[in-house]
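# Tertiary structure, described
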Amino acid sequence: MFLLRNCRLIPELTEGTGLTQADLLLDGEEIRAISPCGTPVEGEVEALDLQGATVMPGLIDMHTHLRMMGVGRTSDPLKPCLVTLDELRFAQYYLMNGYTTVRDVGDNIANPAMALRDQINGGLLQGPRIFCSGPTLAPTEKGFDSAYSTPHHFEVDSAAEMRQKVRYNLQKGSDFIKLYGSGSLCVPSGQPGALIMEPDEIQEAVHMAARKNTYCAIHMHGSEGCHLAAELGVRTIEHASFILPETLKYLEGLKSKGHGIVPTVSVLLDDSWGKVPDDAYGNVVSHLRRAKEYDVLIGWGTDTSLGFYEKRPYAEFQLRKEELGFSNLEILQQITINSAVLMMKDHLIGTVKAGKLADLIVLPDNPVEDLTVLYHRPLHVIKGGQLIY
């Protein structure tokens, strides 16, 4: 067993206790007990005195592509062994920066992220918990037929084809299904807000995923597509760049079911995907800023490359606070419990609670009071009860 002594807890990110100063007893992968400081512990225990440092749940990035190294650095997608090594580097970078869980939302068709996930879960490699969509399911569309894009998605052009491809991805080990429902900000030949996937295709994907007790995430920029995805039962709307108040109001009614949005503001500053139109940044920010006015479940995503992370590792924190107007606590909830709920994993991760996995980070100060403490690496990272550093 492993004992964390003299921890400061964040009440809004802690369950099952009213303590704000406590000892945490870790047993194997789980948090066994949250007790008043100095509570005696029976048996052999390794202890670490945190001397009042803040302990909070490990961070979660719900929208990443582990294969993305950055301009001039990403490996040839037709060489999956090299892609796998890229993904390992990115995954381990995440863990060292406090992200104990990441969700890969569109992988190479050789499924290297799944292989990496399984090696980590088997204890053969060190890295964060990885939840994989496998290759994205996308319609035949101009701009998606390049030598770079083709190895990262399957073309789907009918409800019947969607049924087959959802089954295929789940058979190969996908944890959830990723759809590509609108144009892209980084594909000059298309309109980013345009809906490119038909309603019956989306509906079939949602239905087939639900049959296997999982869900769909959808790349969606446009307002029409965001509303359609919400109505059809897509659990997470990725980007939601031009979402309108009527859709945000609609999503308020789906919060209790764990449906919501995953904005990715910092990707607008990363040129790894291609140059974003000059007017896009302000337009996206003006739409997403409205989300604060509604009781919508908002998760944490970045969509940025490893190269961008290395240069500006906490850009998403800064942008959500300074541009979107979220409070420190709202941001902390987005990157922990909200994301866990959206991923259907809140019974395991997302808060500090006895019985949940011991995925924790230790910070020198309280991020509710000073968010910039998260602009640097944590003092300690603990994943599954193991002290990473």
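Up top you'll find the structure we're talking about.
Residues numbered from 1 in each chain as written. Predicted model: local features only at pLDDT ≥ 70, side-chain atom pairs only at ≥ 80, totals over all residues. Heavy atoms only, no water.

## Notes on the overall build of the chain
Our working rule: Labels follow the DSSP assignment, with helices taken as runs of H or I lasting at least four residues and strands as runs of E lasting at least two, numbered in each case from the N terminus. For the radius of gyration, the atom set is restricted to C-alpha positions; the globular benchmark scales as 2.2 Å times the number of residues to the power 0.38. Classification of residues uses two cut-offs on accessible area relative to the type maximum, computed with a 1.4 Å probe and protein chains only: under 20% is buried, over 50% is exposed, and between them is partly exposed. In what follows, residue pairs with any heavy atoms lying within 4.5 Å of each other are defined as contacts. Method for areas: the Shrake-Rupley scheme with a 1.4 Å probe, in which residue coverage is limited to the protein chains shown. Counting rule applied: Lys, Arg positive; Asp, Glu negative; His and chain ends not counted. A charge is said to be at NZ when it belongs to Lys, at CZ for Arg, at CG for Asp and at CD for Glu.
When its secondary structure is counted, the chain shows 10 helices and 18 strands. What you see for the chain is a C-alpha radius of gyration of 20 Å, in line with the 21 Å of a compact globule of 389 residues. For the chain, the spread of C-alpha atoms along the principal axes amounts to about 65 × 45 × 40 Å. In the chain, which comprises 389 residues, the share counted as buried stands at 57%. Counted over contacts in the chain with a minimum sequence separation of 6, partners at least 24 positions apart contribute 70%. Approximately 15,300 Å² of the chain is accessible, and the part contributed by carbon and sulfur atoms is 49%. A distance of 2 Å separates the average location of the 35 positive side-chain charges in the chain from that of its 49 negative side-chain charges.

## A closer look at helix α2 (residues 112-121)
Residue pairs three or four apart in sequence face the same way in an α-helix, which turns once every 3.6 residues. Taken as a whole, α2 has its buried residues at P112, A113, M114, L116, R117 and I120. Buried residues in α2 make contact with α1 (80-96), β7 (99-104), β8 (129-132), α3 (159-172) and β17 (380-383). Backbone geometry just downstream of α2 places G123 in the positive-phi region, at approximately 80°.

## Concerning the environment of K345
Along the chain, K345 falls in the loop between α10 (328-342) and β16 (360-363). Look at K345 and you get partly exposed, because its relative accessible area is 25%. Not counting the four nearest positions on each side in its chain, K345 is found in contact with F131 and A340.

## What to know about the side chain of H219
As for its placement among the helices and strands, H219 is situated in strand β12 (residues 216-220). In this structure, H219 is in contact with K178, L179, Y180, G181, S182, G183, S184, E238 and H239, ignoring residues within four places of it in sequence.

## Details of the pattern of salt bridges
Basically, it comes down to this: By definition, a salt bridge exists where a carboxyl oxygen of Asp or Glu is found within 4 Å of a side-chain nitrogen of Lys or Arg.
With the rule as written, the count across this model stands at 13 salt bridges. Between R73 and E310 there is a salt bridge whose closest N-O contact spans 2.9 Å. Residue R73 is found in the loop between β6 (59-64) and α1, and its partner E310 is found in helix α8 (residues 306-311); the two are separated by 237 residues along the sequence. Overall, the relative accessible area of 40% leaves E310 in the partly exposed class. In this structure, the salt-bridge partner of E238 is R103, at a minimum N-O distance of 2.7 Å. Pair noted here: E238 is in strand β13 (residues 236-239) and R103 is in strand β7, with a separation of 135 residues, a long-range link. Judged on exposure class, the residue E238 and its partner R103 are both buried.

## Notes on the sheet that holds β8
Defined as follows: Paired strands, as defined in this entry, are two strands with at least two bridges between them according to DSSP. Note on geometry: axes are lines fitted to C-alpha atoms, helical ones only across the stretch in contact, with angles between N-to-C directions running from 0 to 180 degrees.
One open sheet holds the three strands; their spatial order is β6-β7-β8, and the pairing between them is parallel. Two strands bound the open sheet, and with one partner strand each, they are β6 and β8. The mean inter-strand angle of the sheet, taken between neighbouring strand axes irrespective of direction, is 15°. Judged from the four bridges that link them, β7 and β8 form a sheet pairing that is parallel. What sits directly across from D104, in β8, is C132. On the sheet, α1 packs against β6, β7 and β8 and is oriented at approximately 140° with respect to β7.

## Quick notes on the environment of L254
For L254, the position within the fold is in the loop between α6 (245-252) and β14 (260-262). Exposure remark for L254: the relative accessible area of 12% places this residue in the buried category. The spatial distance from the C-alpha of L254 to the C-alpha of L232 is 12 Å, given a sequence separation of 22 residues. Ignoring sequence-local partners within four residues, the contact set of L254 consists of A230 and H259.

## Some points on the nonpolar core
It is characteristic of soluble globular proteins that their nonpolar side chains tend to be buried jointly. The criterion, for reference: By nonpolar core is meant a set of buried Ala, Val, Leu, Ile, Met, Phe, Trp, Tyr and Cys residues that side-chain atoms within 4.5 Å join together.
One finds Y99, L179, I202, I237, I261, F317 and L374 to be the most contacted residues of the largest nonpolar core, which totals 82 residues. Among the elements that take part in this core, α1 stands out by supplying six residues, more than any other. Contacts of L179, omitting those with residues within four sequence positions, involve T136, L137, M162, M197, I202, A205, C216, A217, I218 and H219.

## Considerations on empty space enclosed by the protein
Note the cut-off: Every definition here rests on a 1 Å grid over the protein atoms only: cavities are sets of points where a 1.4 Å probe fits but cannot get out, pockets are open sets enclosed by protein on both sides within 12 Å along at least five of seven lines, and lining residues have some atom within 4 Å of a point. Grid points are joined across faces, edges and corners, and a volume is the space filled by probe spheres set on the points. Amino acid classes used here: Ala, Val, Leu, Ile, Met, Phe, Trp, Tyr, Cys and Pro are nonpolar; Asp, Glu, Lys and Arg are charged; the rest, including Gly, are polar.
This model, assessed by the stated rule, comprises two cavities of 30 Å³ or more. Computed from the structure, the largest cavity encloses a volume of approximately 50 Å³. Considering the residues around the largest cavity, the lining is formed by 13 residues, among which T302, Y309, P313, A315 and E316 are closest to the centre. When residues of the lining of the largest cavity are traced back to their parent elements, those giving at least two are α8 and α9 (315-322). Among the elements that make up the lining of the largest cavity, the one with the highest residue count is α9 (three residues). Taken together, the residues that form the lining of the largest cavity break down as eight nonpolar, three polar and two charged. There is about 30 Å³ of room inside the second largest cavity. Surrounding the second largest cavity, R67, T74, S75, P77, V83, N108, Y148 and H152 form its lining. Residue classes in the lining of the second largest cavity are distributed as three nonpolar, four polar and one charged.

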